[in-house]
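Residue-level structure breakdown
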Amino acid sequence: MTDKSLPEGLRPETLAVRTAIERSQYGENSEALYLTTGFVQPDAATSAARFASGEGYTYARTSNPTVTSFEQRLAALEGTEAAIAAASGMGAILMMIMGLLKAGDHVILSRSMFGSTLSLFAKEFGKFGVQTDFVSQTDVDEWRAAVRPNTRLLFAETPTNPLTEVCDIAALAEIAHAAGALLAVDNAFATPILQKPTQLGADIVMHSGTKYLDGQGRVMAGALCGSRQLITEKFAPVVRTAGMVLSPFNAWVVLKGMETLGVRVKAQCENALAIGRWLEAQSEVARVYYPGLPSHPQHELAMRQQSGLGGGVLSFELAGDTPEAARAKAFHVINSCRVLSIATNLGDTKTIISHPATTSHGRLTEEQRQAAGICQGVIRLAVGLEHIEDIQDDLLRGLHTLPA
Ligand SMILES: *Cc1c(COP(=O)(O)O)cnc(C)c1O
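Being a predicted model, the structure only gives us computed values, none of them experimental.

Turning our eyes to something else, we now look at the overall build of the protein chain. Each helix and strand in the protein chain was counted, giving 15 helices and 12 strands. Against the globule reference of 22 Å for 404 residues, the protein chain gives a C-alpha radius of gyration of 22 Å, in line with a compact fold. With respect to the three principal axes, the spread of C-alpha positions in the protein chain is 80 × 50 × 35 Å. By the burial criterion, 53% of the 404 residues in the protein chain qualify as buried. Nonlocal contacts in the protein chain, meaning residues at least 24 apart in sequence, comprise 71% of its contacts between residues at least 6 apart. As displayed, the protein chain offers around 17700 Å² of accessible surface, 53% of which is attributable to carbon and sulfur atoms.

Have a look at this one:
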């Protein structure tokens, strides 16, 4: 039974809960979960036609109705024609590379991007002859200067982890298009609630659904959003043959997570801003990194690009006479928490506290970390939905008992 068709022009809050539901004969109100690998065909001729056209359901590596619902809902939120799911955020990037690039092609990435993204391009695809250049996250001229005749893709992430550096999506789109290349944007941190990169000129939006889209720290998921042509001609053939396909169960979890994306992200932004302001007033804190604060070097760009919201992630720095002393202070604050989780992830309803220099950025040399500004005293908070005074009290346990 097909749903009554929805009227045109519904707003994002409505689309988040109403779009992409194809009801079964039972008329379930909540989205069904189709945990099936194969699909029974009415007859051999229909089966042959579906295999030839790729339309209709045949086998879950090609498509599954729950995964389709996830893709349609995400595309509706991002305002793109289509989306295609992957098993994780990194699986989505793998699909993008395999779909767009070949040996001899050149890619430009920001140096501050997610660590696994940098290794996937430089290390894994370096082996296959894809050339990668790394440039400053914030200096648009460096991106322009890095363009070569064989540049096919610019890939940006904004804001970045953990120092929340922002890049100018519209400016990068112009550089990419002038070079005949595409711009892809990793929108895992901002989510479509803050920014819709294709409205700023980007061609592809990449998601880790593991983060805010699920929003409750349960499953891994990923996706690429873009034009129908890019999705069907470049990316669908890759996922169908290479198999970085999203599990229908995970698709269902994230599909339901997206229903509350707007209220969660706005509440997390509000909490993060309040905590950022409060941290700036603590004498033990040397510096706070948060795009929602006027002290952030790109505050104005961030507010313009991110719907006036700073996001749910912020970092702060404890100063020390030596890197070891700064690390001891950071560890003390982290270890003193009794509410916040010491964990790797973000976008969860539970606030997560982490020490980037020894976790997400632990494989860099101390010199590379210093160059990136990720000092031993930096602590990252991925702010959740707890009462803000409980988060503050938890941080004060350590801040008020710091070793000298
Ligand atoms: C987590 C993350 C990824 C990778 O996503 P997975 O789902 O963990 O594979 C990529 N980019 C950013 C910004 C992330 O935070």
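The strand order β1-β7-β6-β5-β4-β2-β3 describes an open sheet built from seven strands, whose pairing is mixed. Each of the sheet's edge strands pairs with one partner strand only, and the pair in question is β1 (82-86) and β3 (131-135). Strand-to-strand twist of the sheet, defined as the mean angle between neighbouring strand axes without regard to direction, takes the value 20°. Pairing between β1 and strand β7 (residues 222-226): five bridges, direction antiparallel. By the bridge assignment, Ala-82 is partnered in β7 with Gly-226. Its contacts with the sheet place helix α4 (residues 89-100) against β1, β4 (151-157), β5 (182-186), β6 (204-208) and β7, and it is angled at close to 150° to β6. Across the sheet, helix α5 (residues 115-124) touches β2 (106-110), β3 and β4, and the angle it forms with β2 is around 160°.

Right, let's get into helix α9 (residues 228-242). Between its first and last C-alpha atoms α9 spans 20 Å; for 15 residues at 1.5 Å apiece the expected length is 21 Å, and the two agree. At Phe-235, α9 shows its maximal kink, close to 45°; a proline, Pro-237, follows between one and four residues later. Of all the residues in α9, the buried ones are Leu-230, Ile-231, Phe-235, Ala-236, Val-238 and Val-239. Among the structural elements, β1, α4, β5, β6 and β7 are those in contact with the buried residues of α9. Note on α9: the residue one or two positions beyond its end, Gly-243, has a positive phi of about 80°.

Put simply, α4 and α9 touch, their axes get as near as 9 Å, and they point 115° apart. What the angle tells us is that α4 and α9 run roughly perpendicular. In the packing of α4 onto α9, the handedness of the crossing is right-handed. Mapping the contact onto sequence places Met-95, Met-96, Met-98, Gly-99 and Leu-100 in α4 and Leu-230, Lys-234, Phe-235, Val-238, Val-239 and Ala-242 in α9. Along the lines of polarity and charge, the residues of the contact of α4 with α9 split into nine nonpolar, one polar and one charged.

Segmentation of the protein chain into domains returns domain 1 (12-258) and domain 2 (261-399). Placing a centre on the C-alpha atoms of domain 1 and another on those of domain 2 gives a separation of 27 Å. Every contact between the two is made by 32 residues of domain 1 and, on the other side, 37 residues of domain 2. Summed over both partners, the interface of domain 1 with domain 2 comes to about 2700 Å²; 59% of that surface belongs to carbon and sulfur atoms. Counting the surface domain 1 buries against domain 2, the share from its top three residues, Leu-163, Leu-194 and Tyr-212, is 28%.

Turning to the UniProt feature "modified residue: N6-(pyridoxal phosphate)lysine" (unreviewed entry) in the protein chain, a few remarks are in order. As annotated by UniProt and renumbered to match this structure, "modified residue: N6-(pyridoxal phosphate)lysine" (unreviewed entry) occupies Lys-211. Along the chain, Lys-211 falls in the loop between β6 and β7. Its relative accessible area of 14% is what places Lys-211 among the buried residues.

Time to look at the environment of Pro-7. For Pro-7, the location among the structural elements is in the segment before α1 (12-18). Here Pro-7 falls in the exposed class, since its relative accessible area comes to 53%. Considered as a pair, Pro-7 and Arg-228 are 221 residues apart in the sequence and their alpha carbons are 21 Å apart.

Before going further, it helps to examine the site of the ligand. Taken together, 15 residues lie near the ligand, and Gly-89, Asp-186, Ser-208, Thr-210 and Lys-211 sit nearest. Between Thr-210 and the ligand, the recorded distance is 2.6 Å, taken from a side-chain N or O atom to an oxygen atom. The protein chains hide 93% of the 370 Å² of surface that the ligand would expose on its own. Counting residues per element, the ones that place at least two in the shell around the ligand are α4 and β6. Here the residues of the shell around the ligand sort into eight nonpolar, four polar and three charged.

With that out of the way, let us pick up the nonpolar core. Ranked by size, the top nonpolar core spans 55 residues in total, and within it Phe-70, Leu-279, Leu-314, Phe-316, Leu-381, Leu-395 and Leu-399 carry the most contacts. For this core, the element with the most residues is helix α11 (residues 261-280), which contributes seven residues. Of the residues that make up this core, three or more belong to each of domain 1 (12-258) and domain 2 (261-399). Contacts of Phe-70, omitting those with residues within four sequence positions, involve Ala-85, Gly-222, Ala-223, Leu-246, Ala-251, Val-254, Leu-255 and Met-258.

So, about the pairing of β3. Sheet topology places β2 next to β3; five bridges connect them, and they run parallel. Bridge pairing in β3 links Ile-108 to Asp-133.

What the rule picks out here adds up to four aromatic pairs. When the ring of Phe-125 is compared with that of Phe-128, the centres are 5.5 Å apart and the planes differ by 55°; the resulting orientation is tilted. Arranged with centres 6.4 Å apart and planes meeting at 40°, the rings of Phe-249 and Trp-252 form a pair that is tilted. Placement of the pair is Phe-249 and Trp-252 together in helix α10 (residues 248-259), with a separation of three residues, close to one helical turn. Judged by its relative accessible area of 25%, Trp-252 falls in the partly exposed class.

What counts, and at which threshold
- Residues numbered from 1 in each chain as written.
- Predicted model: local features only at pLDDT ≥ 70, side-chain atom pairs only at ≥ 80, totals over all residues.
- Heavy atoms only, no water.
- Helix = DSSP H or I, 4+ residues; strand = E, 2+ residues; numbered from the N terminus.
- Rg over C-alpha atoms; globule rule 2.2 N^0.38 Å.
- Buried < 20%, exposed > 50% of the residue type's maximum accessible area, 1.4 Å probe, protein only.
- Contact = heavy atoms within 4.5 Å.
- Areas by Shrake-Rupley, 256 points an atom, 1.4 Å probe, with all protein chains shown as cover.
- Pairing = 2+ DSSP bridges.
- Axes fitted to C-alpha atoms, helices over the stretch in contact; angles between N-to-C directions.
- Expected span 1.5 Å × (residues − 1).
- Bend = angle between axes of the 7 residues up to and from the residue.
- Parallel < 35°, antiparallel > 145°, perpendicular 65-115°, else oblique.
- Left-handed = near helix turned anticlockwise from the far one by under 90°.
- Nonpolar A, V, L, I, M, F, W, Y, C, P; charged D, E, K, R; others polar.
- Domains from an automatic or database assignment.
- Buried area = accessible area lost by both parts, 1.4 Å probe.
- UniProt positions renumbered as here; feature names shortened; annotations may be inferred.
- Near = heavy atom within 4 Å.
- Polar contact = N/O pair within 3.5 Å; in protein donor to acceptor, adjacent residues only side chain to side chain.
- Core = buried A, V, L, I, M, F, W, Y, C linked by side-chain atoms within 4.5 Å.
- Phe/Tyr/Trp six-rings, centres within 6.5 Å; stacked < 30°, edge-to-face > 60°.

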